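# Tertiary structure, described
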Amino acid sequence: MKKLICFAIAACTVTATLTLTACGKEETRANKYDILAAYDSETRTLSGTVNFTYYNDTDNEIGDLKFNLYGNAFREGAKFKPVSQSYTDSAYYAGASYGSMTVESVENCAGWNIGGEDENILTVTLLNPVYPEENADITITYKLNLAQVNHRTGVTQNTVNLGNFYPVLCAYTSEGFAECPYYYCGDPFMSECSDYKVTLDMPKEYTAATSGKAGKETTAGERKKCTYTLENARDFAMVLSDKFKVESRTVGGTEVKYYYYGDANPKVSLSVAAESVEYFNSTFGNYVYPTLSVVQTGFCYGGMEYPALTMISDKLDSNGNAYTIVHENAHQWWYAMVGSDQLNNPWQDEGLAEYSSLMFFETHPTYGFTRTGIVGSATKAYRAYFSVFNQIFGETDTTMNRHLSKYESEYEYSNIAYNKGLIMFDMLRQAVGDEKFTSSLKEYFSANLYSIAPSENLFASFLKHGDLEGFFASFIEGKIVI
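Definitions and cut-offs
Residues numbered from 1 in each chain as written. Predicted model: local features only at pLDDT ≥ 70, side-chain atom pairs only at ≥ 80, totals over all residues. Heavy atoms only, no water. Helix = DSSP H or I, 4+ residues; strand = E, 2+ residues; numbered from the N terminus. Rg over C-alpha atoms; globule rule 2.2 N^0.38 Å. Buried < 20%, exposed > 50% of the residue type's maximum accessible area, 1.4 Å probe, protein only. Lys, Arg positive; Asp, Glu negative; His and termini not counted. Charge placed at Lys NZ, Arg CZ, Asp CG, Glu CD. pLDDT = per-residue confidence, 0-100. Contact = heavy atoms within 4.5 Å. Pairing = 2+ DSSP bridges. Right-handed = clockwise from strand over helix to strand, strands pointing away. Phe/Tyr/Trp six-rings, centres within 6.5 Å; stacked < 30°, edge-to-face > 60°. Arc of directions from axis to C-beta. Salt bridge = Lys/Arg side-chain N within 4 Å of Asp/Glu carboxyl O. Axes fitted to C-alpha atoms, helices over the stretch in contact; angles between N-to-C directions. Left-handed = near helix turned anticlockwise from the far one by under 90°. Nonpolar A, V, L, I, M, F, W, Y, C, P; charged D, E, K, R; others polar.

### Thoughts on the overall build of the chain
Regarding its fold elements, the chain presents 9 helices and 22 strands. For a compact globule of 482 residues, the expected C-alpha radius of gyration is about 23 Å, and the chain comes in at 21 Å, within 12% of that figure. Oriented by its inertia axes, the alpha-carbon framework of the chain measures out at about 60 × 55 × 45 Å. Residues classed as buried in the chain amount to 60% of the 482 residues present. Each charge sign in the chain was given a centre, from 37 positive and 58 negative side chains, and these centres are 5 Å apart.

If you want it as structure tokens, here you go:
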């Protein structure tokens, strides 16, 4: 996600505990979501059924499955508020508004319950334990009530944002399924790759921007049904609107689509989206999905990434719009295709997305951003943060491997995950040289495609170029002075 923080530009450490799911390999079977969802614009509700197939690729017998209910974070009285106080006014444009995700039934199971730290986890007890390399099928029926909010999940002034709109299986670690409370700071998501078939029933005047490739469409009366498919992806998202216009361009084997309603220069936005995909393809490795939807929408931050779909705030100026599109597209490489633990190591995808954006703009000077300017702005912002926190708290915690719940504010989070992450990668590039820096990122991408990569895997891609253990430790452990 791209945060807009003043001073910034437009803006469980995963160790060996993670079971890496190389779900892109042909011989590996994946979890499957077959989702039927119907949206009612009058009641702001999405009624859904998920036919879920679980494939046990662990070494353990699995008796219970756990699903994140991200939509429940928007309910009244939630323990963890989805929006911070500083963004409340821009998010809740019509005043206080609430939503929820209610599980109505779970079929083909021995029992189920709602729990977790904040009523955010659905636990399903299977009829029989699932042994390694075996499957289990369940059906979940649920209702998503949408708040009026400019956020990942909600109804905005012009769109319906459907990020995290279904129960999402928790990623599996050696400690069990990893539950993800919905902290407002950062992106509290971690999930494994799955295959998706989504059938959306909606008013016929709506256009849907989605993560998937469009298939069959039928119309009956005032409604229409559209089917979308996506393979080897860790999430699926949609944005609906009756105002969308669309521009598109093919890049390699990918159809890049730009959905908009209030952009005076849509062809420029499409160009930066297409050019960034082309650049990242050649620099890191090829984009694997058949489509990429770049979507202008109501959003209180700059933007938000999902596999094959990025949300871009409609409040951005032209420079902010271009920068955010590139940053969110970079997340297709660092989050969507190569995953990481965003709860404990948010710098791993945010820092890489920021630095990948720098690399793009460095080679595309017509957009007006320079390496010197981007690094200088990040350094100035980071030093200001360090000074402010020293004055307020008497010291500044600059460690990078921190759980999202440990950040005092979005201001602190932005400076550690984005700015310090960017500064680290720029200093690393200076240390190893341009060629070795780029080849190491290519290696990291190739070796960790479709997986949830621990930070050690990222470090390992660079360690062969020199004695860099101390370099990484100084940044991660907060010992370096910037």
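### Some remarks on the confidence of the model for the chain
In the predicted model, the chain carries a mean pLDDT of 94, and 95% of its residues have values of at least 70. For the stretch residues 5-28, pLDDT sits under 50, and the model shows 65 contacts to residues farther than four places along the chain or on other chains.

### Observations regarding the pairing of strand 20 (residues 291-297)
The buried fraction of strand 20 is high, at 7 of 7 residues. The two faces of strand 20 match: Thr291, Ser293, Val295 and Thr297 on one face and Leu292, Val294 and Gln296 on the other face are all buried. Pairing between strand 19 (residues 254-260) and strand 20: 5 bridges, direction parallel. Bridge pairing in strand 20 links tyrosine 259 to valine 295. In the classification by handedness, the crossover that spans strand 19, the intervening helix 2 (residues 266-283) and the parallel strand 20 is left-handed. As defined by bridge partners, strand 20 adjoins strand 22 (residues 309-313) across 5 bridges and the pair is classed as parallel.

### Some points on the packing of aromatic side chains
On inspection of all chains with the given rule, the structure shows 49 aromatic pairs. Aromatic pair tyrosine 385 and phenylalanine 389: ring centres 4.8 Å apart, planes at 55°, arrangement tilted. In this pair, tyrosine 385 and phenylalanine 389 both sit in helix 5 (residues 371-393), 4 residues apart, roughly one turn of the helix. A residue is classified by how much of its surface remains accessible, and phenylalanine 389, at 7% relative accessible area, is buried.

### Things to note about helix 8 (residues 455-463)
Residues of helix 8 that are buried include every one of Ser455, Leu458, Phe459, Ser461 and Phe462, and no others. The buried residues of helix 8 all sit within an arc of 150° when viewed along its axis, so they share a single face. Taken together, the buried residues of helix 8 touch helix 4 (346-363), helix 6 (410-432), helix 7 (434-448) and helix 9 (469-476).

### So, the pattern of salt bridges
Per the stated rule, a full pass over the model turns up 18 salt bridges. Between aspartate 187 and arginine 152 there is a salt bridge whose closest N-O contact spans 2.7 Å. Pair noted here: aspartate 187 is in the loop between strand 12 (176-177) and strand 13 (194-203) and arginine 152 is in the loop between strand 7 (135-145) and strand 8 (153-155), with a separation of 35 residues, a long-range link. For aspartate 187, a relative accessible area of 2% corresponds to the buried category.

### Here we look at the packing of helix 2 against helix 3 (residues 318-330)
At their nearest, the axes of helix 2 and helix 3 sit 9 Å apart, and the two run at 35° to each other. Note on packing geometry: the crossing formed by helix 2 with helix 3 is right-handed. On the side of helix 2, the interface is formed by Ser269, Val272, Ala273, Ser276, Val277 and Phe280, while helix 3 contributes Asn321, Ala322, Ile325, Val326, Asn329 and Ala330. In terms of residue class, the contact of helix 2 with helix 3 is built from 8 nonpolar, 4 polar and no charged.

### Observations concerning the sheet that holds strand 8
The strand order 8-9-17-14 describes an open sheet built from 4 strands, whose pairing is antiparallel. At either margin of the open sheet sits one strand with a lone partner, and together these are strand 8 and strand 14 (207-210). Averaged over neighbouring strand pairs, the angle between their axes works out to 15° when direction is ignored. Two elements, strand 8 and strand 9 (residues 160-162), share 3 bridges in a ladder whose sense is antiparallel. Its bridge partner being in strand 9, threonine 153 is matched across the sheet by leucine 162.

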